[in-house]
Amino acid sequence: MYLYECANAEIYNLRGVVSYQLGYPQEAYEEFDNALKADASNTKARLNIAALYRAFGMDKLAEAELVRVTSTQGLDPRDPALLPGARVSGGATGAGGRR
């Protein structure tokens, strides 16, 4: 993967966080989706889109995203620490306080 692809994914992820925090969940979804198109292994974007799904009651979609993250990192998708309060986060640790 090229460096600019990773950078683009991070930018899209941060734009998604800002969109969500400003009250634009559809735009947030589109930015998180763009981040995942740029870098399908972007854990922060995947956790953020899972948090977005959870916040809007789409638990099956949220769980599917969590399974994708946890299957590659040896985590338990039922761990409530992955999506505490279903907050969308752009910080260095991503949603759920994990990297």
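The following refers to the structure shown. In this text the structure is predicted, and so the values were computed from the model without any measurement.

Each value, and the rule that gives it
Residues numbered from 1 in each chain as written. Predicted model: local features only at pLDDT ≥ 70, side-chain atom pairs only at ≥ 80, totals over all residues. Heavy atoms only, no water. Helix = DSSP H or I, 4+ residues; strand = E, 2+ residues; numbered from the N terminus. Buried < 20%, exposed > 50% of the residue type's maximum accessible area, 1.4 Å probe, protein only. Contact = heavy atoms within 4.5 Å. Areas by Shrake-Rupley, 256 points an atom, 1.4 Å probe, with all protein chains shown as cover. Phe/Tyr/Trp six-rings, centres within 6.5 Å; stacked < 30°, edge-to-face > 60°. Expected span 1.5 Å × (residues − 1). Arc of directions from axis to C-beta. Salt bridge = Lys/Arg side-chain N within 4 Å of Asp/Glu carboxyl O. Core = buried A, V, L, I, M, F, W, Y, C linked by side-chain atoms within 4.5 Å. Patch = residues over 30% accessible without salt bridge, like charges linked within 9 Å, V, L, I, M, F, W, Y side chains within 5 Å.

### Some remarks on the overall build of the chain
Broken down by element type, the chain carries four helices and zero strands. Order of helices (α) and strands (β) in the chain, N terminus to C terminus: α-α-α-α. The buried share among the 99 residues of the chain stands at 35%. Here the analysis covers contacts within the chain between residues at least 6 apart in sequence; of these, 46% occur between residues at least 24 apart. Of the roughly 5700 Å² of accessible surface on the chain, 54% is carried by carbon and sulfur atoms.

### What about the packing of aromatic side chains?
For the structure shown, the criterion picks out one aromatic pair. Arranged with centres 6.2 Å apart and planes meeting at 45°, the rings of Tyr-29 and Tyr-53 form a pair that is tilted. Residue Tyr-29 is located in helix H2 (residues 25–38), and its partner Tyr-53 is located in helix H3 (residues 43–55); the two are separated by 24 residues in the primary sequence. Exposure remark for Tyr-53: the relative accessible area of 10% places this residue in the buried category.

### Digging into H2
With 14 residues, H2 should reach 20 Å at 1.5 Å per residue; the first-to-last C-alpha distance of 20 Å fits that figure. Regarding H2, the residues found buried are Ala-28, Glu-31, Phe-32, Ala-35 and Leu-36. An end-on view of H2 places all buried positions within 140° of arc, on one side of the element.

### Structural notes on the pattern of salt bridges
Counted by the stated rule, this structure contains six salt bridges. With a closest N to O distance of 2.8 Å, Glu-10 and Lys-44 form a salt bridge. Of this pair, Glu-10 sits in helix H1 (residues 3–21) while Lys-44 sits in helix H3, placing them 34 residues apart in sequence. The class of Glu-10 is partly exposed, set by a relative accessible area of 26%. Judged by its relative accessible area of 14%, Lys-44 is buried. The partner of Arg-68 in a salt bridge is Glu-65, and the shortest N-O contact between them spans 2.7 Å. Note that Arg-68 and Glu-65 are positioned in helix H4 (residues 59–73) at a spacing of three residues, about one turn of the helix.

### Considerations on the nonpolar core
Counting residues in each nonpolar core, the largest one holds eleven residues, listed as Ala-9, Val-17, Ala-28, Phe-32, Ala-35, Leu-36, Ala-45, Ile-49, Leu-52, Tyr-53 and Ala-62. For this core, the elements supplying multiple residues, two or more each, are H1, H2 and H3. When neighbours within four sequence positions are excluded, Ala-35 is seen to be in contact with Ala-9, Tyr-12, Asn-13 and Ala-45.

### With respect to a nonpolar patch on the surface
Together, Val-18, Leu-22 and Tyr-24 give the surface a local cluster of nonpolar side chains, amounting to about 320 Å² of exposed area. Mapped onto the elements of the fold, Leu-22 is located in the loop between H1 and H2.

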